[in-house]
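This is what each chain is made of:
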Amino acid sequence: MELSGIGWADGALSFVSWMLGLAGAALVEGWRLLVELQSKYPQILSMQTLFGTIGTGVGIWKWWETREARLFRHFEQMIEGQEAQLVRARSDILDLVASLRDCSPMPSIC
């Protein structure tokens, strides 16, 4: 199937090719800056710096994961508490409706 005659396909393909070109240019420029930085300051990209950066990244990731788990547990406990309150409120409303049903139509008699 030939997509060159379809307007939206032409637009989508030109957008994808533009994005790929942009990403490639950014990658090449980033690599060039990294090589320039390494030649200017060789101690910046040493093994110690690399392992420190990786360790910091893993630490931040674990902190974020623990934070999300704690927030999720708190959310579950909050939902359980509200569910218990809703069950109690529902039973109170049902009791009220049942007592009103047993009541006579005249409000002063109840």
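Residues numbered from 1 in each chain as written. Predicted model: local features only at pLDDT ≥ 70, side-chain atom pairs only at ≥ 80, totals over all residues. Heavy atoms only, no water.

For the chain, the count of helices and strands is 2 helices and 0 strands. Expressed as a percentage of the 110 residues in the chain, the buried residues total 1%. Surface exposure of the chain reaches about 9,900 Å², of which carbon and sulfur atoms provide 69%. (Helix = DSSP H or I, 4+ residues; strand = E, 2+ residues; numbered from the N terminus. Buried < 20%, exposed > 50% of the residue type's maximum accessible area, 1.4 Å probe, protein only. Areas by Shrake-Rupley, 256 points an atom, 1.4 Å probe, with all protein chains shown as cover.)

Attention now moves to the packing of aromatic side chains. Across all of its chains, the model carries 2 aromatic pairs by this definition. Summarising the aromatic geometry, the rings of Phe-15 and Trp-18 are spaced 6.0 Å apart at their centres and angled 35 degrees between planes, so their arrangement reads as tilted. Remark: Trp-18 and Phe-15 occur in helix α1 (residues 7–40); sequence separation between them is 3 residues, near one turn of the helix. Phe-15 gets classed as partly exposed once you look at its relative accessible area, which sits at 47%. For Lys-62, the ring lying beneath its charged end belongs to Trp-61, and the centroid distance is 5.1 Å. (Phe/Tyr/Trp six-rings, centres within 6.5 Å; stacked < 30°, edge-to-face > 60°. Lys NZ or Arg CZ within 6 Å of the ring centre and 35° of its normal.)

Moving on, we get to a nonpolar patch on the surface. A cluster of nonpolar side chains, namely Trp-31, Leu-34, Val-35, Leu-37, Tyr-41, Ile-44 and Leu-45, defines an oily patch on the protein surface of about 620 Å² accessible area. By secondary structure assignment, the location of Leu-34 is in helix α1. Classification of Leu-34 as partly exposed rests on a relative accessible area of 36%. (Patch = residues over 30% accessible without salt bridge, like charges linked within 9 Å, V, L, I, M, F, W, Y side chains within 5 Å. Salt bridge = Lys/Arg side-chain N within 4 Å of Asp/Glu carboxyl O.)

Before going further, it helps to examine the pattern of salt bridges. Tallied over the entire structure, the rule returns 4 salt bridges. The residue Arg-32 makes a salt bridge to Glu-29 at a minimum N-O spacing of 2.5 Å. Taken as a pair, Arg-32 and Glu-29 lie in helix α1 at a separation of 3 residues, close to a single helical turn. Its relative accessible area of 41% is what places Arg-32 among the partly exposed residues. We classify Glu-29 as partly exposed; its relative accessible area is 36%. Linking Arg-32 and Glu-36 is a salt bridge whose minimum nitrogen-to-oxygen distance equals 3.0 Å.

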